[in-house]
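# Examining the three-dimensional arrangement
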Amino acid sequence: MPTHGTYLYGFIGADRLQSFGSIGIQGVEVSAVPYRDVAAVISALPPVAFDAMPKETLLRYLTVYQSVLETVLKTQQIIPVKFGTVLKGRASIQIALEQGHDQVLAALREMKNRIELDIVALWPDLGPVLAEIGEGEEIKAQKKDASPTSEAERFDLRVKVGRRVKALLDQKREAYRHEIMDAILPQTEAHHVHPLMDDSMIMNVAALVRKDHAVSLEARIAQLDQQYEDRINFRIIGPLPPYSFRTLEIRHVDYVLLNGARKTLELEERTTIAAIRDAYWKLTKKFHPDRCPGDANAHKQFEKINAAYKLVNDYCPENGCSFREEDVRKWMVVQPVEVRCPRSNVE
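Here's what I pulled together on the structure shown here. (Residues numbered from 1 in each chain as written. Predicted model: local features only at pLDDT ≥ 70, side-chain atom pairs only at ≥ 80, totals over all residues. Heavy atoms only, no water.)

A word on helix 9 (residues 296-315). The first and last C-alpha atoms of helix 9 sit 29 Å apart over 20 residues, in line with the 28 Å expected at 1.5 Å per residue. If you check which residues of helix 9 are buried, you get Ala298, Phe302, Ile305, Ala308, Tyr309, Val312 and Tyr315. On an axial view of helix 9, the arc spanned by its buried residues comes to 150°, and they lie on one face. Seen from the open side of helix 9, the exposed residues pointing more than 90 degrees away from its buried face are Ala296, Lys300 and Lys310. Packed against the buried residues of helix 9 are helix 7 (255-264), helix 8 (273-287), strand 13 (321-322) and helix 10 (325-330). (Helix = DSSP H or I, 4+ residues; strand = E, 2+ residues; numbered from the N terminus. Expected span 1.5 Å × (residues − 1). Buried < 20%, exposed > 50% of the residue type's maximum accessible area, 1.4 Å probe, protein only. Arc of directions from axis to C-beta. Contact = heavy atoms within 4.5 Å.)

Listed below in structure tokens is the structure:
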């Protein structure tokens, strides 16, 4: 289904309208719309089937998204919003600014004068590394002691040796990673370990750095590059917005789905958390599979009740809520994206 609305890239600290030129998705203008002392960086989104987009187009849009954020970062701090965030027009942007003002302001203050640098270390050629492991005493002894006599035994030996070579490669990688991290951590405030893309990678780390410490970190990486000579290559990507440390997401709810969930739970238009829980327990007790064994309709209704409860429970705060359409359409939460294993280097 085509999506048409406003694309939200991120938030900046600003109290006036700004234009960044025609650098947005499909070449449209990117601007900053202010609310008090923060602003949303947005562009109009032409009609596109965002949820059914071909991979190539999606990657092109991701590149534009990153380019916009990095362009803005050249002149001011920006807090990214999760890629693919589309809101329904300026009215929804205004609600996001109002509802998320404090969260955005806190993130801007926390990330003030800080950038992300992504550091990659890798073996330029994995062949010599594997050959060195294969010539080690442990692998030699393993091959010598096995003495396979059949094709099946030789195959089993190759599998066994391959697994051990992989384990030794991982040990070597971990030893190098510790050496490198010990060298660069003093120049960083926090770091986040990203997944390795292939066996040639030794580490893939995002570092949160004060802008005035970035040169020191880059110089330290250059020293490491010389220290390891041709054995390890280093790449530094950045400066980047704090993608790995403070990306925000916008949560909102579809009125039709929420209203359907309300009706499933037999709730009034205004209700409380207590009433929602009471309705849920009453209905799950009535349609529980243990009470209705073999009843396919009851089982289907039980699953529908659980799905409705999850949706309603996420929407309704502790002090109660309204299911009126105008209230539902104004509901929006701005919150940090959960990042797996972010690590502070400051105790």
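Looking at the element boundaries, Arg114 is found in strand 7 (residues 114-122). On the accessibility criterion, Arg114 (16% relative accessible area) is buried. Here the side chain of Arg114 touches Glu189 through a polar contact of 2.6 Å, side chain to side chain. Discounting residues that sit within four places of it in the chain, Arg114 has contacts with Gln77, Glu189, Leu208, Val209, Arg210 and Lys211. (Polar contact = N/O pair within 3.5 Å; in protein donor to acceptor, adjacent residues only side chain to side chain.)

With that out of the way, let us pick up the packing of aromatic side chains. For the structure on display, the rule yields 9 aromatic pairs. Arranged with centres 4.7 Å apart and planes meeting at 50°, the rings of Tyr7 and Tyr9 form a pair that is tilted. Judged by relative accessible area, which is 0%, Tyr9 ranks as buried. Aromatic pair Tyr315 and Phe323: ring centres 5.6 Å apart, planes at 40°, arrangement tilted. Neither residue differs from the other here; Tyr315 and Phe323 are each classed as buried. Grouped by ring-pair contacts, the aromatic residues Trp123, Tyr176, Tyr228 and Phe234 constitute a single cluster. (Phe/Tyr/Trp six-rings, centres within 6.5 Å; stacked < 30°, edge-to-face > 60°.)

This part is about helix 6 (residues 214-227). Between its first and last C-alpha atoms helix 6 spans 20 Å; for 14 residues at 1.5 Å apiece the expected length is 20 Å, and the two agree. All buried positions along helix 6 are accounted for by Ala214, Leu217, Ile221 and Leu224. End-on, the buried residues of helix 6 take up no more than an arc of 80°, which puts them together on one face. Facing away from the buried surface of helix 6 by more than 90 degrees, the exposed residues are Val215 and Gln226. Immediately beyond the C-terminal end of helix 6, within one or two residues, lies Glu229, with a positive phi of roughly 50°.

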